[in-house]
Amino acid sequence: MKKLLAILTALMLALLPALSLGEEASSMKENVKEWIRSISPAAKYMLEGQELTENVTMEVSDLLLDLVQAPDEFRQAIQELLATFGIRMTAQTTEHLAQAGLALTASGEEALGIRVAYGDRNLYLQSDLLGDKTFQVTGSQLKDLMQQGMDSAAAQGQNDPELTESLKRFYQLLREDPQAALRKLVGEPDFQGLTEALAAYPQIAMQPVTEAPEALPGANMMVVIPLQKEGLKTITAELSKLIWNLPAVQKLAEISNKNGEEALTEEKIAQGFSKLSDTLAEDTEVTAYLRVDEAGLGIYVTAEPKLSVEGAVREVRAEMLMDISLEGQAIIHYDVSSEGKAMRGEMEMQASAGSVRFNYHITTEDAAEGEAYQPVEMIWSAELSMGEAPQVHSTATFRVKESAESQTVGVVAEINGAEEDKGDHAEGQMDFSISLEDSGMLFALHESRKTDLAEAYIITPDAVQPLAMSEEEQSELMRDVQNSLQMSLITLIQYLPASVTQMLMQQGS
């Protein structure tokens, strides 16, 4: 996930100058670049001007086809179709320029594709589907097109012209004076009522531990947090008043009322905030024990609230133990139970320079006619390393049991990926699969990536501007595009496996 984010961020860096608000954006840009270089070789080489190419293929198993009861005559066609076709994505960027592509591949070769580029505030488009021309939309044309779309939507009652104009004015103010834009949103809120409600609420008590709990023997401090039903209700009521009086909220309420939508009112906001206090059946407290020493930090939290659920009062017991060491290890255990139902979780995490490893185990418990069983169980383990050769390994097992008598069904999701800096370019791969536990793979996605010399940008002064054409020129262009679409369809059919072609002919006869 971090590598994907880094790659997308590298591509967007080319657009940052167009959205820049000044020196702050330039400084942020350099910081982002350094972050990218540290975690992803592919994104690093993209910043140096190389093109990133990713190929994605998919396969399905006989087991999945059995589960979906695929007809016998479709099975071979489906599997050969997936073996033949894939998806190719490309991306490249230089200062003030960016280009991305999406293509359908057949036997590893590009069959049909589309490329989009950005430069000098203009958008460019090129595709086999549209012929051999490069199309351009200028910044001013794009702005006019968006305005026409908003005007058309307003004329059809699909949006509010006043809201549209208000958002445009706010965006302009945000670019010119961010602090003034913020003040316009929040106005001058009056915190007195909320401050008084917080002052009247019972104070959190901190005191030395006289007897440490068994779960945290070394506890040397205790914190008692009161949960007072009426006090929380007063606080949430004042908070809802504060939010209701914000100019931005008042504007939203005005628009919703004008458009005949369900009215946004102060009462509805108050109802939403009061759910916490309404859930409490009576006053209670949360007790937290802390251990702070040379080994690290330990926290044990326990509470036994009575909650109002669908008109009935339920007694709940909840506890959580967290232990964080100075060596980067963290252990968390929690247990929540009520009337024979329970949810338990255990997580262990180890972080070191450039790597993270963790294991997470969650179980739920229930009982039917006195027989206990586990409705849900999840076991997740993962390891992530960064640097010149980042890797990721993740396995998540989900088990579901509908009743005490039913069989447990387990599904396993697995990710394995690696990337390597080859010195002058980067290469990597990622495999993702879903399997039935103890039965086999259902389907899998395979992704390979590589950076190489960038292609020429499709940005050209000879690009065609459809939005600047006359109606006659646009009609002629549409005829050319239709011819290109027909030729592309013929080309695509030529790549189809024989089993698919045969099946289509049988269906058409």
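As a reminder, the structure under discussion sits directly above these lines.
Keep in mind that what you see is a predicted model, and the values were worked out from it rather than measured.

Undergrad: When you look at the packing of helix α10 (residues 192-200) against helix α11 (residues 229-244) in this model, what are you seeing that I'm missing?
TA: Geometry of a packed helix pair, given as the angle between the helix axes and the separation of the axes. Interhelical geometry of α10 versus α11 gives an angle of 165 degrees and a closest axis separation of 9 Å. Here α11 runs roughly antiparallel to α10, going by the angle between their axes. Helix-helix and strand crossings are classified by hand; for α10 and α11 the assignment is left-handed. Taken together, the residues of α11 that come into contact with α10 (itself represented by G193, L194, A197 and L198) are T234, I235, E238, L239 and L242.

Undergrad: It is not clear to me how the packing of α11 against helix α13 (residues 266-273) should be interpreted in this structure. Could you clarify?
TA: Two elements in contact, α11 and α13, have axes whose closest approach is 9 Å; the angle formed by their N-to-C orientations is 140 degrees. Taken together, the axes of α11 and α13 lie oblique to each other. Relative to α13, the crossing made by α11 is right-handed. Residues T236, L239, S240, K241, I243 and W244 of α11 lie in contact with α13, whose contacting residues are E266, I269, A270 and F273. In the contact of α11 with α13, the residues fall into 6 nonpolar, 2 polar and 2 charged.

Undergrad: Teacher, can you tell me more about the nonpolar core here?
TA: Considering soluble globular proteins, one finds that nonpolar side chains tend to be buried as a cluster. If you look at the biggest cluster of nonpolar residues, it comprises 9 residues: I299, M322, I332, M347, F358, Y360, I362, M378 and A382. Breaking this core down by element, the ones donating at least two residues are β16 (355-368) and β18 (376-385). Here the element with the most residues in this core is β16; it accounts for 3 residues. Residues in contact with I362, not counting those within four places in the same chain, are Y334, M343, R344, G345, V376, E377 and M378.

Rules and cut-offs
- Residues numbered from 1 in each chain as written.
- Predicted model: local features only at pLDDT ≥ 70, side-chain atom pairs only at ≥ 80, totals over all residues.
- Heavy atoms only, no water.
- Axes fitted to C-alpha atoms, helices over the stretch in contact; angles between N-to-C directions.
- Helix = DSSP H or I, 4+ residues; strand = E, 2+ residues; numbered from the N terminus.
- Parallel < 35°, antiparallel > 145°, perpendicular 65-115°, else oblique.
- Left-handed = near helix turned anticlockwise from the far one by under 90°.
- Contact = heavy atoms within 4.5 Å.
- Nonpolar A, V, L, I, M, F, W, Y, C, P; charged D, E, K, R; others polar.
- Core = buried A, V, L, I, M, F, W, Y, C linked by side-chain atoms within 4.5 Å.
- Buried < 20%, exposed > 50% of the residue type's maximum accessible area, 1.4 Å probe, protein only.

What is shown is where atoms sit, not what they do.
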